[in-house]
2 protein chains.
Amino acid sequence: MSASRWVVSFAEADESQRYLLGGKGAGLAAMTQLGLPVPPGFIITTDACRAFYDSGGLVSEDVWSLVKEALARLEATTGKRLGDASDPLLLSVRSGGPVSMPGMMDTILDLGMNKDTVGGLAVLSGDEEFAWDAYRRFVQMYADVVLGVDSVALHAVTRVNESEGGSTLDARDAVASLLEIVDRKSRQPIPHDPREQLRHSVTAVFKSWMNRRAVDYRKAEGIPDDLYTAVNVQAMVFGNTGGSSGTGVVFTRDPTSGEPALWGEYLPNAQGEDIVAGLRTPLPVSALAEQQPDVFAQLEAAARLVERYNKDMQDMEFTVEDGKLWMLQTRRGKRAGRSAVRCAVDMANEGLISREEAVARVAPSELDELLHPVVEPRPTDTVFVTGLAASPGGASGIVALTADDAERLAEAGHDVVLVRDETSPDDFHGMVVSKAMVTARGGMTSHAAVVARGMGMCCVVGCRDLAIDDGAETITSPVGEIRAGDAVTVDGTTGRVYLGTVPTIEAKQDEYFDKFLGIASEMGGLSVWANADTPQDARVALAFGAEGIGLCRTEHMFFQPGRIEAVRAMIMASDDASRADALSTIEPFQTEDFAEIFTAMDGLPVTIRLLDPPLHEFLPNRIDTFESINRLQRELEDPLTVDRLEAETELETLRLLLARTDRLAEVNPMLGHRGARLGVTYPEITRMQARAIFTAAVQCAERGVAVLPEVMVPLVAYLSEFQDQKRIIVDTATEVFERYGVTVEYRIGSMIELPRAALIAGEIAAECDFISFGTNDLTQTTLGLSRDDSSRFLPGYLSRGLVGTDPFVVLDIEGVGRLVSMATTASRESNPEIKVGVCGEHGGDPTSVAFFASLGLDYVSCSPFRVPIARLATARAAIQGSID
Amino acid sequence: MSASRWVVSFAEADESQRYLLGGKGAGLAAMTQLGLPVPPGFIITTDACRAFYDSGGLVSEDVWSLVKEALARLEATTGKRLGDASDPLLLSVRSGGPVSMPGMMDTILDLGMNKDTVGGLAVLSGDEEFAWDAYRRFVQMYADVVLGVDSVALHAVTRVNESEGGSTLDARDAVASLLEIVDRKSRQPIPHDPREQLRHSVTAVFKSWMNRRAVDYRKAEGIPDDLYTAVNVQAMVFGNTGGSSGTGVVFTRDPTSGEPALWGEYLPNAQGEDIVAGLRTPLPVSALAEQQPDVFAQLEAAARLVERYNKDMQDMEFTVEDGKLWMLQTRRGKRAGRSAVRCAVDMANEGLISREEAVARVAPSELDELLHPVVEPRPTDTVFVTGLAASPGGASGIVALTADDAERLAEAGHDVVLVRDETSPDDFHGMVVSKAMVTARGGMTSHAAVVARGMGMCCVVGCRDLAIDDGAETITSPVGEIRAGDAVTVDGTTGRVYLGTVPTIEAKQDEYFDKFLGIASEMGGLSVWANADTPQDARVALAFGAEGIGLCRTEHMFFQPGRIEAVRAMIMASDDASRADALSTIEPFQTEDFAEIFTAMDGLPVTIRLLDPPLHEFLPNRIDTFESINRLQRELEDPLTVDRLEAETELETLRLLLARTDRLAEVNPMLGHRGARLGVTYPEITRMQARAIFTAAVQCAERGVAVLPEVMVPLVAYLSEFQDQKRIIVDTATEVFERYGVTVEYRIGSMIELPRAALIAGEIAAECDFISFGTNDLTQTTLGLSRDDSSRFLPGYLSRGLVGTDPFVVLDIEGVGRLVSMATTASRESNPEIKVGVCGEHGGDPTSVAFFASLGLDYVSCSPFRVPIARLATARAAIQGSID
């Protein structure tokens, strides 16, 4: 590295070299070169810091002589001299790496103070208090940063000082006390010579790059250690010289709403660190407009200029010294999701940034903030228990421990939070009326999690520390015990459950949300479809811009009241005839459901998955049945029981049910008799479902509603299974079309959700119109990892870094992704016309979507409430793709 | 096809053209050309049959004129003429395709008979009865085969005839009755002209290729339809012309024992079909030696000649006509497993065949017959229920419904068959004392199946039609109900369970078994190791020639009495300290077990798999616990219960147990917290096991026993898991070696039993000494198919042909095999030194072994009792590989 890059002035630096100058230095150089009032100074670059470490921790004479040259030029520019007792130059020495590491590294202000210069400064400023306060500030920072004196001891001095309000005597006494502490605690003194002060300070800032908290922070944030920090040496300006001075922070746009007007704070007669310390309450920046309109106008112009130059909202620090504006820092302004969206839309419309850039500016997590209520806990709020953040958002309500209780309480007008060990489809009626769900067991794709995401309801699952006692109606966590009926607040974005009611900001999708997604859609890329089981889901999905339904699970329809009885009758059927009877009861319901969904989607594709779950999922829980039997048996032993006959009949029914449940019970239901296997074993189920689909389709067509049904066969492992089911579907379609004399276009496809299906996808694809990756089950089987059981050990894996991300949230690209990639390639080879999609939860995860986009998939399908995120993710992936 | 190939005489045919001549024709041609006495004749070839079908079912004039030419030459050779009333030539017309289809197609004998020739034949033979009987036989066959007259009506006539014993009048009457039936039932008469008879007969034999039962047979056996049949036209010879005539069948060696001496049957004064009809009981062929020693000597010489010529044991038909021997057929002799083994060994030693050929001659299923008792049911025996043939062999015993009952009955000296819904490790003590196992649930790799195969005990699983009532102590099948204590016979080779005691031939491995495996071992190929969990297993494996242990499951050791309590204490431990306590109780047991196995294997590699099953498998069944709680609660409600305190304490313990069981219970244990995941979560378990392994190893080494431990990490999905476990193992090894001052060689490897592990095998292999495919679990996860639940639908898949073979028996090459192949390639690329093996059940399946051999794997490991089969399979694969 060349010595010419070790020290460079703000006026001469090439601000594009952020890695060399650091972010702060680059901002100062840019503002200087834009002609804005920046206190003059220079940057000791990251190259110099690298040289410092390469030479074993010494500021070399070569660097130091360049610093001295720069200092001489600074003295010439300012007309002041460092250490000049009558008109001292004072310096700020601040770290500034290429990547922002707020608060991680050190700063020394008022460098140049000593027992001689303090007098000169007092005379010059006509303010002895100000001069001694500057000296106090310098001593305190130098002792802390350079000498490593225990900062608690140092702060004790100043806390007394500050709490009592400043006076000349106080600042002078504080300096004396601080110097005494230094004398006692440090082997090194504070040099009298300001050049020595500077040399030691620069060394200290360089060293602070490797202090413990900076190293830990970089590790956590993934910032490389060998970026190094620059040091900015700059003439001090003072905001604490009286009423026409002050200091402030402004954002060029509102960081909360994105409104394009200057937003910020101003504290008269103060230094920057006084705002940070939080001892005095700043005013809105409009106060400056009232007090010093000219200065404010100057500030506004500067803000506009820098924002236009940097093409992004800026977060700027400034100081006013005796009515003169000085710009001290500019950087990209951090903003809330809503602001990010509006800034992106406005800036694109202003022509400040391209439309692609607007899309790239909003992270999916930022957009997510507009979709879900945000819990804003106060310091006093208590976290009762923490689990997996299964479905984002926040809600408060009173605890119900059963679905029935939830329903009763909701009918009585309460907001309800349903808390269960785990949920089953039997709990559905309680879930739909609740504001939030909490479960003790289950992972990111457990029943509760999947249903909650589908409904856009916030949900925390897998709270391993939660013990629920249904009998006593209590819930216990390590924090304590609460009872059914107590209030809690659930934060599904962080996974926290709070005691009581915690303030929550409601979600709102404003005009900018829609405008932003409109811009995103211009980028092309994958289509975004939705997983939607009901007409209501379909309408939500459409409102969020879904272009089709990629997964309509028919089994949820089976659980609605008045249907589950027929479904159970079908399962209990001991012969084909009674099974057919039960199926014919279910068929009209299914037909009606499909017709409604087709109508809602109005010609967009609707992908209907044939019955997937093992039949025993539709039966009551085995243990519940067992307990009912026990209860009844005891009642029968009691001679006072009146309805003996009724009890005995009920007992018989329950025993039959238990026997059937036992016959159907599976050791590993995930790998059991489900999916296409059901349809192969009971072709009458497939036939009924196909008939319902095609009857609904032709009935819609007759009413003039456009329809595009896509029938999807789940859990295919063998080509023969798909062929078997396809034949039934095609035959049934032909039958229905002939009966009605109406033909509609339809497609048949296979889910690819088992490794074997992925391995033979080419063969399957040759006989399909589409394939759709069921990445939930594909993840479970490829990793041999049950979604319901993974909460036992996966959190430990994640916290120990054995696994980078939860594979049920972010697709496991190395393993599952490889199968998806192989299968896609083989499918396109054997059938160039094939449409390839994803209908697992990963379809709504930005990282996963980017991967799917890189494979050239046609669509992703996700929960309706994830559709906007997926649209953004596909747009970002499309932009990335066009760059690659 | 050339007309020159349509008709060919025995004397001129090229007998290597079996596809053209058919098996029978080729055999006749070979014997003719070897100079043996074969009645002269010719073959109408399969090409002619093909031409027949190509021309829409007509014997063309071209073919017919060639037949007439051949016939003319036959008349010239025999000096007789077809239809000659004074000295008629009679013909046999027999089908004979390239592949044997016994009894599937048609034959017409005595062709040439009519009302004129019957008289001539009577005069010529001096035996009117004989002549009319020949006429009767012809009419009956012609009417049946050519005219399609209902064979029941035809047989009714002859049955009366035969039952009453033959007389001239009877045969003449029978002809009259038969001709009358033909007259009534057939639109076509029997032609008087023998040439017409021949033409129609040839047509009928051609047509019989496509009759229903032949088509079905070919479909079932996988024989292509377009092979077609040849027709053999041959001069009749007669074994029923008196006392110096007869007919017989001989094998050139004993088809049961393989003893190298003529073996067969002889029936004096009879035609071949009389033996087939079974109306008269044949004598041993030695009868011929006594009656006509010259003829017998001739037969022996012929047998030797043909066997030497065909280099295989022959099954030959012959007829003696008035003291002259005629050879009518020769073909490869079918033989029992024991005979196949001895024939192969003897023929190799005789120099008749090469040693490679000897190995190729014995099918693995034939060898298997020597390893397991064979059930030989009588026609009167009743099959009670049928399930999956999980572990071969046969055994009789009385039914026990619990492991405890089995133990009690076995102690009382009974042979016991343990019948359970399914088994768990808790049943182990009952299984070890039983002669056979039957379960109602579970598949080919369920607990019962795996344990039974490991012990070489016969076992039938997944008897879906079995209902077991533990309370009533009854078992019901569609056949009826039996009780505990009743006798049954289990055939684990066919999957049948018989009522009562059915004769069973004990298994015996004789000297030829050992000699044969010795020859097999000369072929090289994959090494064969065994899955062995105990020193006893290890000794069996060694006796069968295993070269190492490829899978030693440590968990089975956990179940032994005195240990399971400590294991449960470990599981119930609520903190690390009490878990460590429990582990330190288990450690000495493990150390001792390993030391015994190392000692038994004496320096051969012993691959020890770390703890694999989910911990809840070691706890008592949830339902059992639940029922105990209910029972105790009721007892407590009864005021007369004495031991209230004791009951309450027990109740508390049970409740704790139930709570822990519930906490540990998993929805899909197969995909749950097991394998490496246990070791990662509870490193102290891995540390304990590693310490036990290395302590045992150094203790053996100190005693001078050679040891080679290989530590295997199960269920690895992520590289990080393997690295984590490897670090613990290496650290523990170092610790132990330092403590003892002894170092032993050891290896560390990973199981590849999840699709993800297969996909990243290259990365894993880079850090391993070996990898071992766990094809059971890899099959379960790749196919998404639970071994315990597949019996619900897999049998249906198999019977409908949706799946060719049970993927838990024969490796699914298309799916799982592809992963194995990809992983092997990647592993060898990243680590050329790596040893690659298989330790799933497929390691003992010949088809699967051939596939593993084709991938160049280093070893397969299987149950000890499968080792001989695997050795044969690897030898055959090696021969195949050297041919490819």
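The structure under discussion appears in the preceding block.
Residues numbered from 1 in each chain as written. Chains lettered and ligands numbered in written order. Predicted model: local features only at pLDDT ≥ 70, side-chain atom pairs only at ≥ 80, totals over all residues. Heavy atoms only, no water.

## Quick look at helix H23 (residues 576–601) of chain A
Residues and elements named next belong to chain A.
Next up, step 1: With 26 residues, H23 should cover 38 Å at 1.5 Å per step; its first-to-last C-alpha distance of 35 Å lies within 8% of that length.
Next up, step 2: Taken as a whole, H23 carries its principal kink of about 30° at Ile586; the proline Pro588 stands between one and four residues after it.
Next up, step 3: A distance of 3.1 Å separates the backbone nitrogen of Ala577 from a side-chain oxygen at the start of H23, and that oxygen is part of Asp575.
Next up, step 4: Of the residues one or two after H23, Asp602 is the one with positive phi, at around 45°. (Helix = DSSP H or I, 4+ residues; strand = E, 2+ residues; numbered from the N terminus. Expected span 1.5 Å × (residues − 1). Bend = angle between axes of the 7 residues up to and from the residue. Polar contact = N/O pair within 3.5 Å; in protein donor to acceptor, adjacent residues only side chain to side chain.)

## Here we look at the environment of Met101 of chain B
Residue and element names in this part refer to chain B.
Next up, step 1: Among the secondary structure elements, Met101 is positioned in the loop between strand E5 (91–96) and strand E6 (107–111).
Next up, step 2: Separated by 113 residues in the primary sequence, Met101 and Ala214 have C-alpha atoms spaced 7.7 Å apart.
Next up, step 3: Here Met101 is in contact with Trp209, Ala214, Tyr217, Arg218 and Ile223, once residues within four sequence places are set aside. (Contact = heavy atoms within 4.5 Å.)

## Regarding the pairing of strand E27 (residues 549–553) of chain A
Residue and element names in this part refer to chain A.
Next up, step 1: Most of E27 sits inside the fold, with five of its five residues counted as buried.
Next up, step 2: Pairing between strand E26 (residues 527–531) and E27: two bridges, direction parallel. Across the sheet, the residue bridging to Ala530 is Ile549, located in E27. (Buried < 20%, exposed > 50% of the residue type's maximum accessible area, 1.4 Å probe, protein only. Pairing = 2+ DSSP bridges.)

## Considering the interface of chain B and chain A
Interface size is commonly expressed as the accessible area that is lost once the parts come together.
Next up, step 1: Counting residues at the interface gives 60 residues for chain B and 59 residues for chain A.
Next up, step 2: Overall, the association of chain B and chain A removes approximately 5,500 Å² of surface from exposure, summing both partners, and the carbon and sulfur fraction of that is 50%.
Next up, step 3: The interface formed by chain B and chain A contains 30 residue pairs in polar contact (both at pLDDT 80 or more).
Next up, step 4: The set of elements that each furnish at least two residues to the side of chain B that touches chain A consists of helix H24 (622–637), helix H25 (644–664), helix H26 (676–681), helix H28 (719–740), helix H29 (755–759), helix H31 (775–783) and helix H33 (813–830) of chain B.
Next up, step 5: Looking at the side of chain B that touches chain A, the element that brings in the most residues is H24 of chain B, giving eight residues.
Next up, step 6: Of the residues assigned to the side of chain B that touches chain A, the class counts are 25 nonpolar, 13 polar and 22 charged. (Buried area = accessible area lost by both parts, 1.4 Å probe. Nonpolar A, V, L, I, M, F, W, Y, C, P; charged D, E, K, R; others polar.)

## With respect to the sheet that holds strand E33 (residues 859–862) of chain B
The strands making up a sheet associate through hydrogen bonds between their backbones, and the pairing can be parallel or antiparallel.
Residue and element names in this part refer to chain B.
Next up, step 1: The strand order around the closed barrel formed by eight strands is E26-E27-E28-E29-E30-E31-E32-E33, and the pairing between neighbours is parallel. Geometrically, the sheet is characterised by an average inter-axis angle of 25° between neighbouring strands, direction not taken into account.
Next up, step 2: Relative to E33, strand E26 (residues 527–531) runs parallel, the two sharing four bridges. Paired with Ala530 across the bridge in E33 is Cys862. (Axes fitted to C-alpha atoms, helices over the stretch in contact; angles between N-to-C directions.)

## Considerations on the pattern of salt bridges
Next up, step 1: For the structure on display, the rule yields 89 salt bridges over all chains.
Next up, step 2: Asp777 of chain B is the salt-bridge partner of Arg674 of chain B, the closest N and O atoms lying 2.7 Å from each other. Of this pair, Arg674 of chain B sits in the loop between H25 and H26 while Asp777 of chain B sits in helix H31, and the two are 103 residues apart along the sequence. As far as burial versus exposure is concerned, Arg674 of chain B and Asp777 of chain B are alike and both buried.
Next up, step 3: When salt bridges that share partners are traced, they join Asp312, Arg332, Arg335, Glu357 and Arg361 of chain A into one network. (Salt bridge = Lys/Arg side-chain N within 4 Å of Asp/Glu carboxyl O.)

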